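Understanding the architecture of this molecule
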Amino acid sequence: GNFAFLHKGVLFISVSIVDAKTNPEEVTMRLEQNVLWTKEKLNEFDPKEYHAVVIFGHAPPSEKQGEYFWPVRERVSELEKPVLYVHANSNGSFQKYVPFREAENFQAVQLEKRGREAPLRVGVLNNAEDQEEPFVFERREPAMARMEK
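Quick summary incoming for the structure in this document.

What counts and how
- Each chain carries its own residue numbering, running from 1 in the direction its sequence is written.
- In keeping with the predicted nature of the model, local features appear solely for residues at pLDDT of at least 70, side-chain atom pairs appear and are counted solely at 80 or more, and the whole-chain, interface and lining totals rest on all residues.
- By convention in this description, side-chain values take in all heavy atoms of the structure and omit both hydrogens and water.
- Working definition: helices are DSSP H or I runs of at least four residues, strands are E runs of at least two. Numbering for both runs from the N terminus.
- To estimate the expected span of a helix, subtract one from its residue number and multiply by 1.5 Å.
- Only protein chains enter the area calculation, which uses a 1.4 Å probe; residues under 20% of their type maximum are buried, those over 50% are exposed, and those in between are partly exposed.
- Any two residues whose heavy atoms approach within 4.5 Å are treated as being in contact.
- Only one rule defines a salt bridge in this text: a Lys or Arg side-chain nitrogen within 4 Å of an Asp or Glu carboxyl oxygen.
- Following DSSP output, two strands are said to pair if at least two bridges run between them.
- Here a crossover is taken to be right-handed if, once the strands point away from the viewer, the path from the first strand over the helix to the second is traced clockwise.
- Put simply, a nonpolar core is a bunch of buried Ala, Val, Leu, Ile, Met, Phe, Trp, Tyr and Cys residues held in one set by side-chain atoms that sit within 4.5 Å of each other.
- A 1.4 Å probe that fits but cannot get out identifies a cavity on a 1 Å grid over protein atoms alone, an open set with protein on both sides within 12 Å along at least five of seven lines counts as a pocket, and a residue lines either if it has an atom within 4 Å of a point.
- Grid points are joined across faces, edges and corners, and a volume is the space filled by probe spheres set on the points.
- Residues were grouped as follows: Ala, Val, Leu, Ile, Met, Phe, Trp, Tyr, Cys and Pro as nonpolar; Asp, Glu, Lys and Arg as charged; and all remaining residues, including Gly, as polar.

With that settled, the discussion passes to helix 2 (residues 66-79). Here helix 2 contains 14 residues, and its C-alpha end-to-end distance of 20 Å stays within 8% of the 20 Å for a straight helix at 1.5 Å per residue. Among all positions in helix 2, only Gly66, Tyr68, Phe69, Val72, Arg73, Arg75, Val76 and Leu79 are buried. As for helix 2, its buried residues are in contact with helix 1 (24-44), strand 3 (52-57), strand 4 (83-87) and strand 6 (106-110). Where helix 2 ends, the next residue or the one after it, glutamate 80, has phi of about 55 degrees, a positive value.

Here it is in structure tokens:
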């Protein structure tokens with residue numbers, strides 16, 4: 001299920017966005033409900049209480065989930081705060097990117113191959129003017145690779 005919380009000036013939001021084969025009507029309904037829920041959480045907390053937003057989901061931003069990402073992208077671009085979307089991946093590697101040119105404050109991170117990667121630590125730095133990068137990533141060697149040594 002979805003959840004959200006505020007911790008040390010960062011608003012964390014988790015949404016159930018899947019990329020599996022699912023009935024199209026059910027996908028549309030879920031995405032629409034997730035948009036409403038995400039916007040509700042963004043409005044529930046005073047923007048003065050947080051300096052960044054981190055959103056967790058399974059599926060990468062794509063046209064399949066456009067019904068979620070397009071309205072959310074518009075809303076987070078209005079925040080003028082850094083936003084990070086962390087998502088899983090089925091067969092690629094770690095990748096940091098900006099999924100929407102229209103919202104430069106919206107970054108994404110794709111995790112590596114179905115959870116085979118070691119935990120990823122994400123540091124969320126305060127939105128100081130002299131800081132270009134609000135998110136810092138610390139990656140460790142996967143457990144299987146450490147065991148093989």
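Turning next to the pattern of salt bridges. For the structure shown, the criterion picks out 7 salt bridges. Arginine 30 is the partner of glutamate 26 in a salt bridge, and the nearest nitrogen-oxygen pair spans 2.8 Å. Taken as a pair, glutamate 26 and arginine 30 lie in helix 1 at a separation of 4 residues, close to a single helical turn. With relative accessibility at 31%, the residue glutamate 26 sits in the partly exposed group. Its relative accessible area of 28% is what places arginine 30 among the partly exposed residues. Put simply, arginine 121 and glutamate 138 hold a salt bridge, and the shortest N to O gap is 3.9 Å. Residue arginine 121 is located in strand 7 (residues 120-124), and its partner glutamate 138 is located in strand 8 (residues 135-139); the two are separated by 17 residues in the primary sequence. Arginine 121 gets classed as exposed once you look at its relative accessible area, which sits at 55%. Look at the salt bridges and you will find they share partners, linking Glu40, Lys41 and Glu44 into a network.

Burial analysis of strand 4 places 5 of its 5 residues in the buried class, the great majority of the element. The side-chain alternation of strand 4 yields two buried faces, one formed by Val83, Tyr85 and His87 and the other by Leu84 and Val86. By the bridge criterion, 5 bridges tie strand 3 to strand 4 in an arrangement that is parallel. Within strand 4, the position partnered with phenylalanine 56 by the bridge is valine 86. Running through helix 2, the crossover from strand 3 to the neighbouring parallel element strand 4 is right-handed. Strand direction decides the pairing type here: strand 4 and strand 6, joined by 5 bridges, are parallel. Within strand 6, the position partnered with valine 83 by the bridge is phenylalanine 106.

The next thing to look at is the nonpolar core. Counting 24 residues, the largest nonpolar core has Ile13, Ile17, Leu42, Val53, Ile55, Tyr68 and Phe106 as its most contacted members. Looking at this core, the elements that each hand over two or more residues are strand 2 (10-14), helix 1, strand 3, helix 2, strand 4 and strand 6. Among the elements that line this core, the one with the most residues is helix 2, at 5 residues. Beyond its immediate stretch of four places on either side in the chain, isoleucine 17 contacts Leu31, Asn34, Gly57, His58, Ala59, Gln65, Tyr68, Phe69 and Tyr85. Counting residues in each nonpolar core, the second largest holds 9 residues, with Phe12, Val54, Leu84 and Val109 among its members.

Before going further, it helps to examine empty space enclosed by the protein. Taken as a whole and assessed by the stated rule, the structure comprises 1 cavity of 30 Å³ or more. If you go around the largest cavity, the residues you meet are Ser16, Ile17, Val18, Val27, Arg30 and Leu31. The residue inventory of the lining of the largest cavity, partitioned by class, reads 4 nonpolar, 1 polar and 1 charged.

Read these as layout, nothing more, since geometry by itself doesn't imply function.
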